[in-house]
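Below are the chains, spelled out letter by letter.
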Amino acid sequence: MTDDLIQYLLRLGDSAMVQAQRLCQWCGRAPALEEELALMNVGLDLVGQARNWLEYAAELSADGRDADHLVFRRDERAYRNLLLVEQPNGDYALTILKQFFYDAWHFAVLQGLVRSSDERLQAIASKALKEVTYHLRRSGEWVERLGDGTEESRQRMLAALPQVWRYTVELVEADALEQRLFHSGVIGNPEQVALDWQTQVEATFERATLPVPPAASHFYLSGRQGVHSEHLGLLLAEMQFLPRAYPDAIW
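Procedures and definitions
Residues numbered from 1 in each chain as written. Predicted model: local features only at pLDDT ≥ 70, side-chain atom pairs only at ≥ 80, totals over all residues. Heavy atoms only, no water. Helix = DSSP H or I, 4+ residues; strand = E, 2+ residues; numbered from the N terminus. Rg over C-alpha atoms; globule rule 2.2 N^0.38 Å. Buried < 20%, exposed > 50% of the residue type's maximum accessible area, 1.4 Å probe, protein only. Areas by Shrake-Rupley, 256 points an atom, 1.4 Å probe, with all protein chains shown as cover. Lys, Arg positive; Asp, Glu negative; His and termini not counted. Charge placed at Lys NZ, Arg CZ, Asp CG, Glu CD. Phe/Tyr/Trp six-rings, centres within 6.5 Å; stacked < 30°, edge-to-face > 60°. Axes fitted to C-alpha atoms, helices over the stretch in contact; angles between N-to-C directions. Parallel < 35°, antiparallel > 145°, perpendicular 65-115°, else oblique. Left-handed = near helix turned anticlockwise from the far one by under 90°. Contact = heavy atoms within 4.5 Å. Nonpolar A, V, L, I, M, F, W, Y, C, P; charged D, E, K, R; others polar. Salt bridge = Lys/Arg side-chain N within 4 Å of Asp/Glu carboxyl O. Polar contact = N/O pair within 3.5 Å; in protein donor to acceptor, adjacent residues only side chain to side chain.

> How should the overall build of the protein chain be read in this particular structure?
For the protein chain, the helix and strand inventory stands at 11 helices and 0 strands. In sequence order, the secondary structure elements of the protein chain are arranged as α-α-α-α-α-α-α-α-α-α-α. The C-alpha radius of gyration computed for the protein chain amounts to 18 Å, which stays within 12% of the reference 18 Å derived for 251 residues, consistent with globular compactness. Reported as C-alpha extents along the three principal axes, the dimensions of the protein chain are approximately 55 × 45 × 35 Å. Among the 251 residues that make up the protein chain, the fraction classed as buried is 52%. In the form shown here, the protein chain has an accessible surface area of approximately 11,800 Å², with 53% of it arising from carbon and sulfur atoms. Within the protein chain, the 36 negative side-chain charges are centred at a point lying 1 Å from the centre of the 24 positive side-chain charges.

> Please explain the packing of aromatic side chains as it appears in this structure.
Two measures describe an aromatic ring pair: the distance that separates the ring centres and the angle between the ring planes. According to the stated counting rule, one finds 11 aromatic pairs in the structure shown. Judged by centre distance (5.9 Å) and plane angle (45 degrees), the ring pair of Phe 100 and Phe 101 falls under tilted. Between Trp 165 and Trp 197, the aromatic rings sit 5.8 Å apart at their centres with planes inclined by 35 degrees, giving tilted as the arrangement. With a gap of 32 residues between them, Trp 165 in the loop between α7 (151-164) and α8 (169-172) and Trp 197 in helix α10 (residues 190-207) connect regions that are remote in the sequence.

> Which parts of the structure should I look at to understand the packing of helix α1 (residues 2-24) against helix α9 (residues 176-183)?
One can describe the packing of α1 onto α9 by two numbers: an axis separation of 10 Å at closest approach and a directional angle of 115 degrees. As the angle between them shows, α1 and α9 are arranged roughly perpendicular. Viewed along their axes, α1 and α9 form a crossing whose handedness is left-handed. Contacts between α1 and α9 involve Asp 4, Leu 5, Gln 7, Tyr 8 and Arg 11 on the former and, on the latter, Leu 177, Glu 178, Arg 180 and Leu 181. Split by residue class, the contact of α1 with α9 holds 4 nonpolar, 1 polar and 4 charged.

> Explanation requested: the pattern of salt bridges in the structure shown.
A side chain of one charge can pair with a side chain of the opposite charge when the charged atoms of the two come close. Tallying each qualifying case throughout the model produces 15 salt bridges. Across the pair Glu 55 and Arg 51 runs a salt bridge whose closest N-O atoms are separated by 3.3 Å. Here Glu 55 pairs with Arg 51, and both are found in helix α2 (residues 33-61), just 4 residues apart, close to one helical turn. The exposure class of Arg 51 is partly exposed, given its relative accessible area of 40%. With its nearest N and O atoms 3.1 Å apart, the salt bridge here joins Glu 152 to Arg 156. Taken as a pair, Glu 152 and Arg 156 lie in helix α7 at a separation of 4 residues, close to a single helical turn. By relative accessible area, Arg 156 is classed as partly exposed at 38%. Among the ionic contacts, a cluster of salt bridges with common partners joins Arg 11, Asp 175, Glu 178 and Arg 224.

> Could you clarify how one ought to interpret the side chain of Asp 14 in this entry?
Residue position: Asp 14 is located in helix α1. The class for Asp 14 is buried, based on a relative accessible area of 1%. A polar side-chain atom of Asp 14 sits 2.8 Å from the main-chain amide nitrogen of Arg 80. Apart from the residues within four sequence positions on either side, Asp 14 is in contact with Leu 54, Arg 74, Ala 78, Tyr 79, Arg 80 and Asn 81.

In structure tokens form, the structure reads like this:
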């Protein structure tokens, strides 16, 4: 069960870290100063959450690695993040849509983890849930504003939707590892997570006057198994360059 928990912690930590890195790419490029500050604040929240998950994973692994090592010294195939978060930012509509899908999933997952039989998981999730509640409210409001806003904002949302919808399959399909952790009382019910995510998406899209596509189908890529899209390697090359080039540097 320890190995399962380590893998699950990597999924949570890697997804938060990669999503944070994508948000940080908007620094100096956001459409408004207020939005740049908001995106950076969300990104910093996710970095803090990633550290908490990955520190716990490193402690359980007990192989001498710490959270920094897990972030900066693992290659693409060792990452376990959601495919959704590694996709490029695109325009602001696509970034918001990605963030909303991730936030709705993240919120549902954390709601299950606050009742975990693992006290460390419970504590980390309880703190993170306060932050993610804000993240979801913010991204959901932006989906509504853009979807039911001007003709251009609506068209941009409609164009963004098919670009990222296929990757939502990982948000609603549980694998054997998650089922084992659920039956052991470590995580919440994956079926409830899927239902809550779908309900949140449908309600928000109704207010945004956006169509909800049919459920995404499973395909050959799987972030949970380390089989990523071509975008993650490029992102990691940027994120990991300095720590790999100067491994003994002290910041």
